[in-house]
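Structural description and commentary
Residue strings, one per chain:
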Amino acid sequence: MAVGQVDALLLVSFGGPEGPDDVVPFLENVTRGRGIPRERLEEVGEHYFRFGGRSPINDQCRGLIRAIEADFVAHGIDLPVYWGNRNWHPYLPDALRRMREDGVRRALCLFTSAYASYSGCRQYRENLAAALEEVGKEGSEELPDLHRLPHYFNRAGFLEPFVDGVLAALEELPDGARVVFVTHSIPTAMNDASGPDGGRYVAEHLDAAASVAGRVKDRRGAAVEWDLAYCSRSGPPSQPWLEPDINDHLEELAGQGVPGVVVVPIGFVSDHMEVLYDLDTEARETAERLGLAFARVPTPGTAPDARFVAMVRDLVLEYAAQPPQEPPAERLLGALGPVWGDCPGGCCANTRGYRPACCGAD
Ligand SMILES: CC1=C(CCC(=O)O)c2cc3nc(cc4[nH]c(cc5[nH]c(cc1n2)c(C)c5CCC(=O)O)c(CCC(=O)O)c4C)C(CCC(=O)O)=C3C
Ligand SMILES: [Fe+2]
């Protein structure tokens, strides 16, 4: 079956280095014009070198694409899947060139970022606009019309794997363990500008975390105490970023006599470098030093039962329907309701100045 007027899915991701020689050029791509101090860059380079100079993120995208393709075939959905990254091969313009060669006219974009913010959404939309412009200059054939699928932070298919992970981790840890949801820190100014009305990044994380904690309570029959903490702070020390940092928060919990922590990487779709280094390496070491029992819950993107992949199919079918359909209630958790696809005007403003963005009103 063809899907409405849509003839492709485009996976839009961050990209990561695939060997030691890629690390420095990759970091230059990521931080161009972003004002990141030299020392921070050298430190982050070391995180990659510790893992052989290779980030797992591209392999996870390859795995996700294979899983989506197989799922589409199994459900009679005739939709090719393309892939482009912001910061490493295959880049977005390469994906657009392939789509143009194949005659793709209208594609839906799936971002590997679940939440609103400049870094997690609008920057990708700006990159897509720039890629369309770059490729548009090369030829007269038509480029695809691109639309973004809604963010999925409050989707059952994204959150339920976290619920299972928390329940399993609690079994292993001493009674009284705290559940700590962790996401990528961003500058507080970026949070203030996120979504159409501001503050959306934190609001979406609190909503998602409350949904997971609520389902955990329902299934084990007892409430858990939980908090939201942040990892991967970057930028100059003078600039305020969202806090508490996960390591500082572990100190605080140990001081309160909490015996263990379940770390839930709620901000991340797959186990890329932030998860492997900032959580599994650094935060785990902090917990060990403090004598806190530690468990890290898996991310949902590559979960073996493919609930995340089924969610992608649901998003595509709902959004490609004419007119687009609202999700049935059981697919949506939390209090914020269904999320828009293409963004309203002014969404997640670039605090460094306006640049054109695709998949939205501006
Ligand atoms: C919100 C958010 C997400 C989640 C949404 C999404 O997934 O998009 C995310 C994901 C990722 N961030 C990643 C890597 C990096 N992010 C950096 C820098 C920054 N991230 C920021 C925010 C986010 N980042 C910000 C505000 C900066 C400061 C510079 C700036 O204002 O732009 C830097 C520079 C060095 C440093 O300062 O850490 C690196 C290397 C990787 C790839 C990992 C891998 O290779 O496996 C992934 C998936
Ligand atoms: Fe980042």
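Check the entry above for the structure.
A few points on the structure. (Residues numbered from 1 in each chain as written. Chains lettered and ligands numbered in written order. Predicted model: local features only at pLDDT ≥ 70, side-chain atom pairs only at ≥ 80, totals over all residues. Heavy atoms only, no water.)

Focus: unusual backbone geometry
Cis geometry marks the peptide bond from Glu 243 to Pro 244; its omega dihedral reads 5°. Note on placement: Pro 244 falls in the loop between β6 (226-231) and α9 (246-255). Note that the residue after Gln 322, namely Pro 323, is joined by a cis bond; omega there is -5°. With respect to the secondary-structure elements, Pro 323 resides in the segment after α11 (307-320). Phi is positive for Ser 232, close to 65°, though the residue is something other than glycine. Here Ser 232 lies in the loop between β6 and α9. Positioned with a positive phi, Cys 348 is a non-glycine residue whose angle comes to about 50°. One can find Cys 348 in the segment after α11. (Helix = DSSP H or I, 4+ residues; strand = E, 2+ residues; numbered from the N terminus.)

What about the nonpolar core?
Formed by 62 residues in total, the largest nonpolar core has its most connected members in Leu 9 and Phe 158. Of the domains in this structure, domain 1 (8-152 + 306-331) and domain 2 (156-296) are the two that each give at least three residues to this core. Dropping the residues within four chain positions of it, Phe 158 is found in contact with Ala 114, Tyr 115, Tyr 152, Phe 153, Ile 266, Phe 268, Val 269, Pro 300, Phe 308 and Met 311. With 26 residues, the next largest nonpolar core counts Ala 116, Tyr 124, Ala 131 and Cys 347 among its residues. (Core = buried A, V, L, I, M, F, W, Y, C linked by side-chain atoms within 4.5 Å. Buried < 20%, exposed > 50% of the residue type's maximum accessible area, 1.4 Å probe, protein only. Domains from an automatic or database assignment. Contact = heavy atoms within 4.5 Å.)

What to know about the site of ligand 1
Around ligand 1 lies a shell of 26 residues, among which Arg 40, Tyr 48, Ser 55, Ser 234 and Met 273 are the nearest. Measuring from an oxygen atom of ligand 1, one finds a side-chain N or O atom of Arg 40 at 2.7 Å. Within the contact set of ligand 1, an oxygen atom lies 2.6 Å away from a side-chain nitrogen or oxygen of Tyr 48. Considering ligand 1 on its own, with 860 Å² of exposed area, one finds that the protein chains cover 96% of that surface. Here the shell around ligand 1 gets four residues from one element, more than from any other, and that element is helix α1 (residues 23-31). (Near = heavy atom within 4 Å. Polar contact = N/O pair within 3.5 Å; in protein donor to acceptor, adjacent residues only side chain to side chain. Areas by Shrake-Rupley, 256 points an atom, 1.4 Å probe, with all protein chains shown as cover.)

Observations regarding the sheet that holds strand β2 (residues 81-85)
Spatially, four strands are ordered β2-β1-β3-β4 in an open sheet, and the strand pairing comes out parallel. Of all the strands in the sheet, the pair left with one neighbour each is β2 and β4 (145-148). Across the sheet, the mean angle separating the axes of adjacent strands is 30° when strand polarity is ignored. Seen against the sheet, helix α4 (residues 92-101) touches β1 (8-13), β2, β3 (106-111) and β4 and runs at an angle of roughly 155° to β2. Taken strand by strand, helix α5 (residues 118-136) contacts β1, β3 and β4, and its axis lies near 145° from that of β3. (Pairing = 2+ DSSP bridges. Axes fitted to C-alpha atoms, helices over the stretch in contact; angles between N-to-C directions.)

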